[in-house]
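# Report on the structure
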Amino acid sequence: MTETLPNPVSVTRFGTVALVEIENPPVNALALPVRAALLQAIEALDGDVGVAAIVIHGRGRHFIAGADVREFDAPPRPPLLNDVLLRLEACGKPVIAALHGTTLGGGAELALASHYRCATQDLSFGFPEVRLGLLPGSGGTVRLPRLVGIEKALEMMTGGTPVGFAAAVSLGLVDQEVAGDLRDGAIVYARELVRAGAPVRRVCDRGLAAPGASAFFGDYRATLSPAAVRVPATLRIVEAVEFAAAQPFRAALARARALFEECRVSSESKALRHLFFAERVASVPGARDIGRIGVVGAGTMGSGIAISAASAGFDVTLVDTKPEAVAAGIARIHKAFAEAARKGRMTAAAAAAATTRVSGESDLTALATADLVIEAVFENLAVKREVFARLGAACRAGAVLATNTSTLDVEVIADASGRRGDVVGMHFFSPANIMRLLEIVRGRDTAPEVVATALAVGRRLGKIGVVVGNCFGFVGNRMLYAYGRERELMLLEGALPEQIDRALEAFGMAMGPNAVGDLAGLDIGYQVRREWRDRPDDPRFYRISDLLVEQGRLGQKSGRGFYRYETAVRRGQPDPEVATLIRAESARLGIARREIGDPEIVERCMLALINEGARILDERIAARSADIDVVWCNGYGFPRQRGGPMFYADTLGLPHVLERVGHYGATLGARYWQPAGLLERLARTGGSFGSWRDEAAAGRGQASA
Ligand code: NAD
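Keep in mind that what you see is a predicted model, and the values were worked out from it rather than measured. (Residues numbered from 1 in each chain as written. Predicted model: local features only at pLDDT ≥ 70, side-chain atom pairs only at ≥ 80, totals over all residues. Heavy atoms only, no water.)

### Some points on the overall build of the chain
Note the threshold: Per the convention used, a helix needs a DSSP run of H or I reaching at least four residues, while a strand needs a run of E reaching at least two, with both numbered from the N terminus. Buried residues are those whose accessible area, probed at 1.4 Å on protein chains only, stays under 20% of the maximum for their type, while exposed residues exceed 50% and partly exposed ones sit between those limits. Note on areas: Shrake-Rupley with a 1.4 Å probe; residue coverage comes only from the protein chains shown. We treat Lys and Arg as the positive residues and Asp and Glu as the negative residues; His and chain ends play no part in the count. Think of each charge as sitting on NZ of Lys, CZ of Arg, CG of Asp or CD of Glu.
Each helix and strand counted, the chain has 30 helices and 19 strands in total. Each of the three principal axes of the chain carries a C-alpha extent, and together these read 85 × 60 × 60 Å. Classification of the 705 residues of the chain by burial places 53% in the buried group. As presented, the chain carries roughly 29300 Å² of accessible surface, and 54% of it is formed by carbon and sulfur atoms. Positive and negative side-chain charges of the chain, numbering 82 and 79 respectively, have mean locations separated by a distance of 1 Å.

### As for the side chain of R485
Heads up, the condition is: By the convention used here, residues are in contact when the closest approach between their heavy atoms is within 4.5 Å.
Looking at the element boundaries, R485 is found in helix α19 (residues 476-493). Sequence-distant contacts of R485, that is, excluding residues within four places in its chain, are made with F541, Y542, A608 and Y672.

### Here we look at the sheet that holds strand β8 (residues 163-164)
Applied cut-off: Between any two strands, at least two bridges found by DSSP are needed for them to pair.
Strand order in this open sheet of 3 strands is β5-β7-β8, and the pairing throughout is mixed. Pairing within the sheet leaves two strands with one partner each, and these edge strands are β5 (102-104) and β8. Direction of pairing for β5 relative to strand β7 (residues 124-126): parallel, over a ladder of 3 bridges. When the bridges of β7 are listed, T102 appears paired with S124.

### As for the state of the cysteines
We count it as follows: Cysteine sulfur atoms that pair up within 2.5 Å are treated as a disulfide.
Considering all chains together, one arrives at 0 disulfides under this definition. With no disulfide partner, C471 has as its closest neighbouring cysteine sulfur the one in C633, 19 Å distant.

### A few points about the pattern of salt bridges
Condition: Criterion for a salt bridge: a side-chain nitrogen of Lys or Arg within 4 Å of a carboxyl oxygen of Asp or Glu.
In this structure the tally under the stated criterion is 55 salt bridges. D546 is the salt-bridge partner of R535, the closest N and O atoms lying 4.0 Å from each other. In this pair, R535 is assigned in the loop between α22 (522-531) and α23 (543-550) and D546 in helix α23, connecting sequence segments 11 residues apart. Where salt bridges share partners, they join R485, E486, E493, R594, E600 and R604 into one cluster.

### A few points about the domain arrangement of the chain
Applied cut-off: Annotation comment: domain bounds sourced from an automatic or database domain assignment.
Along its sequence, the chain is organised into domain 1 (2-271), domain 2 (292-468) and domain 3 (476-620 + 654-687). In this structure, domain 1 and domain 2 have C-alpha centres spaced 42 Å apart.

### A look at the site of the ligand
Put simply, the rule is: Throughout, the term near means that a residue has one or more heavy atoms lying within 4 Å of the molecule or strand in question. Definition of a polar contact: a pair of N or O atoms within 3.5 Å, with one able to donate and the other able to accept a hydrogen when the atoms are protein atoms, and with sequence-neighbouring residues admitted only if both atoms are side-chain atoms. In this classification, Asp, Glu, Lys and Arg are treated as charged, Ala, Val, Leu, Ile, Met, Phe, Trp, Tyr, Cys and Pro as nonpolar, and every other residue, Gly included, as polar.
Taken together, the neighbourhood of the ligand is formed by 23 residues, with M301, D320, E379, K384 and S406 sitting nearest. At a separation of 2.5 Å, an oxygen atom of the ligand approaches a polar side-chain atom of E379. Between the ligand and the protein, one listed contact pairs an oxygen atom with a side-chain N or O atom of S406 at 2.8 Å. For the ligand, the protein covers 81% of the area, taking 840 Å² as the surface of the free molecule. Secondary-structure elements contributing two or more residues to the shell around the ligand are α13 (300-311), α16 (381-394) and β15 (423-428). Tallied by class, the residues present in the shell around the ligand amount to 10 nonpolar, 9 polar and 4 charged.

### So, helix α28 (residues 654-668)
Rules: Multiplying one less than the number of residues by 1.5 Å gives the expected span of a helix. Read the arc as the range of directions from the helix axis to the C-beta atoms.
Compared with the 21 Å implied by 1.5 Å per residue over 15 residues, the 21 Å span of α28 between its first and last C-alpha is a close match. The set of residues buried in α28 consists of L654, V657, R660, V661, Y664 and G665. Viewed along the axis of α28, the buried residues span an arc of 145°, placing them on a single side of the element. For α28, exposure combined with an orientation more than 90 degrees from the buried face picks out P655, A666 and T667. Contacts made by the buried residues of α28 are with α25 (598-618), α27 (645-652) and α29 (677-685).

### Side note on the packing of helix α26 (residues 625-635) against α27
Note the following rule: Think of each axis as a best-fit line through the C-alpha atoms, taken over the contacting stretch in the case of a helix, with angles from 0 to 180 degrees between the N-to-C directions. Here roughly perpendicular refers to angles of 65 to 115 degrees, roughly parallel to angles under 35, roughly antiparallel to angles over 145, and oblique to all remaining angles.
Orientation of α26 relative to α27, taken along the N-to-C sense of each, is 120°, at an axis distance of 6 Å. Taken together, the axes of α26 and α27 are oblique relative to one another. Side by side, α26 and α27 meet where S625, I628, D629 and W632 of the first sit next to P645, M646 and F647 of the second. Each residue belonging to the contact of α26 with α27 can be placed in one class, and the counts come to 5 nonpolar, 1 polar and 1 charged.

### What to know about the environment of Y542
Mapped onto the elements of the fold, Y542 is located in the loop between α22 and α23. In sequence terms Y542 and L491 are 51 residues apart; their C-alpha atoms lie 9.9 Å from each other. If near-sequence neighbours (up to four positions away) are discounted, Y542 is found in contact with L480, Y481, G484, R485, R487, E488 and R529.

### Some words on the side chain of S308
Looking at the element boundaries, S308 is found in helix α13. If we skip the residues at most four places from it in the chain, S308 touches A432, N433, L461 and K463.

### A short note on the packing of helix α5 (residues 150-159) against helix α10 (residues 232-246)
Convention followed: In a left-handed crossing the near helix is turned counterclockwise from the far helix by less than a right angle, and in a right-handed crossing that turn is clockwise.
It is at 10 Å that the axes of α5 and α10 come closest, and there the two elements cross at 155°. Taken together, the axis directions place α5 and α10 in an arrangement best described as roughly antiparallel. Where α5 crosses over α10, the two elements pack in a sense that is right-handed. Facing I150, L154, M157 and T158 of α5, the residues of α10 in contact are T234, I237, V238, V241 and A245. When grouped by side-chain class, the residues that make up the contact of α5 with α10 number 7 nonpolar, 2 polar and no charged.

### Some remarks on empty space enclosed by the protein
Which entries qualify depends on this criterion: Whether a set of points on the 1 Å grid over the protein atoms alone is a cavity depends on a 1.4 Å probe fitting there but being unable to get out, while an open set qualifies as a pocket with protein on both sides within 12 Å along at least five of seven lines; lining residues are those with an atom within 4 Å of a point. Grid points are joined across faces, edges and corners, and a volume is the space filled by probe spheres set on the points.
Tallying each qualifying case throughout the model produces 2 cavities of 30 Å³ or more. Size it by volume and the largest cavity reaches roughly 50 Å³. Every residue lining the largest cavity is listed: V410, E411, A414, R420, V423, G443, R444, D445 and T446. At 3 residues, the largest contribution of residues to the lining of the largest cavity is made by helix α17 (residues 410-417). Residues that form the lining of the largest cavity fall into these classes: 3 nonpolar, 2 polar and 4 charged. By volume, the second largest cavity amounts to about 40 Å³. Lining of the second largest cavity is provided by A482, R485, L607, A608, N611, E612, R615, Y672 and W673.

In structure tokens form, the structure reads like this:
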């Protein structure tokens, strides 16, 4: 049976101008049916004597956001975009790309293959392929340098950041601005070109001047950051451009295509694509309407949350018991908006509007009309319960009450409010106005629409919301304690902070864990461990961190922590005093220090994460392993090109992971090295975390269907 699909490409005539429109919602991705229909349209119009010029336009709010990323999981199916674009470029009459909104990847390549480009002010033009571990494989690496020069092309493609309208005009990517309706303006522009006898202008006919210095590409490679180079696509992009600078157009296209294929099948690209899909938030039906947000606690987190909410257009009331804390919080918020305006991250008008949306109060009764209250007071259960008891009485019926606790029991906090169904955890990460991760903690009695509301608000704040269950530390911090435990044990067994950080940074972590501890403040974890009822009864557990805090070494804020901080140098220096302290503590605990290799450091930290992640899945604290990956890549600096700890475990192979956990159980003792039940089951049955589904939840779903 043949399926009839709606044609994603339509052609309308306006005299001698043919308007080709792509309509493949939501973002006009260049999926196979679009490529096929576009090729057909171009061939027909090229042969049509009644057509003098062709305008290509994307319906909706964007031109074309790129390829259909799902197609990259399989070998490419013809017609390839490369071939469609060659045909388009060869067209004998002017082809004008009418650009607006998102014009990325394959969409930008289509624009480059067109003969003329006009655009509206809302244009965002770029090549984000590198973020998926890919390179622009349909001519971007060959045509872009011909238009904007080698250096700029490399910067755009290895950086992946799109440029706006003004930059696109000054780079020569846009020939003509359209002020009003884009379709109408593009047709007028096409008519003008025809009337003026404008030639067919092909980028492929342009030469590409070799760079001035023979060492140019080598020098360019040397400027790339280690993090950028860990994604192989970055160097493949440089290689493709270097090839294009030395070889004819067609040969360079073929080379770029081959390099694209290498990238497509690489483990790094698979990992980045895994995260791309894991981070798409599903739609959230049933959310309550939120306009006014209350934030309780005007400290570090409360101020950051208020900035984030006001920037997204919410009215915000910030409450703190201490009037001086309210004033300091408001001042911090004003400063942040002024700085955003100064650096061009916000327009002056938007910053002024956001500033006026925030007001400060010193009494919780000011929150009587709030639709959502986010609590960010001290991490102390008694204090939080008191705040929730008062919020339960002060807030209107139906208001959502959220806590930003990092480790405390959301259900115990909810109990104090007298309205458990309205209470949810909204765990922001610091700095709350910058970090994208939001753990949404569902308590036993949290109403489904309250979870939906937290997700919807998170989305409006530009966050990636992940719904998790209630347990100590939820997903992220619970795993962090397993990771940190091994780090601390290895300090006692023979490693030094700088060696551990170096090894994990070489693996790809954004920052070594000791440096992270110093940045966050070692006293924060210290307080958490004092409040933690079930902390392991082990004299080695976080022993070094505790000692440092007790000696007043709190991290960067006190100039000393795991490292020593000199003025104005953010990177700490190894401190011989810390090494002495660690060695003395090993001796006091009777631990014989030994040489620990970097592979052991990485392996123990990763296995600890994976095993705890498996327990989290088994306990249904996370619904799917991809959620754990999203948490760790967005909140804890896990290398994206490894896809997250659970994806990484799957690439290692679960039988191998189980065997290594068993190895450490045999050599270091079973206390921390009991394999998680789910890990054992999946390793035995040839399963993977990625394909594991919560059978119980699936069963419930079927029963209610
Ligand atoms: P902070 O000490 O900077 O701020 C806490 C504020 O709460 C202070 O201004 C204090 O005056 C105010 N406060 C205390 N009791 C209050 C009450 N009864 N009513 C109103 N205000 C009160 O603390 P922070 O670092 O912003 O942390 C706040 C919460 O956020 C904690 O639960 C913490 O675990 C969580 N958190 C912190 C981070 C982080 O990195 N700092 C990250 C995620 C979550």
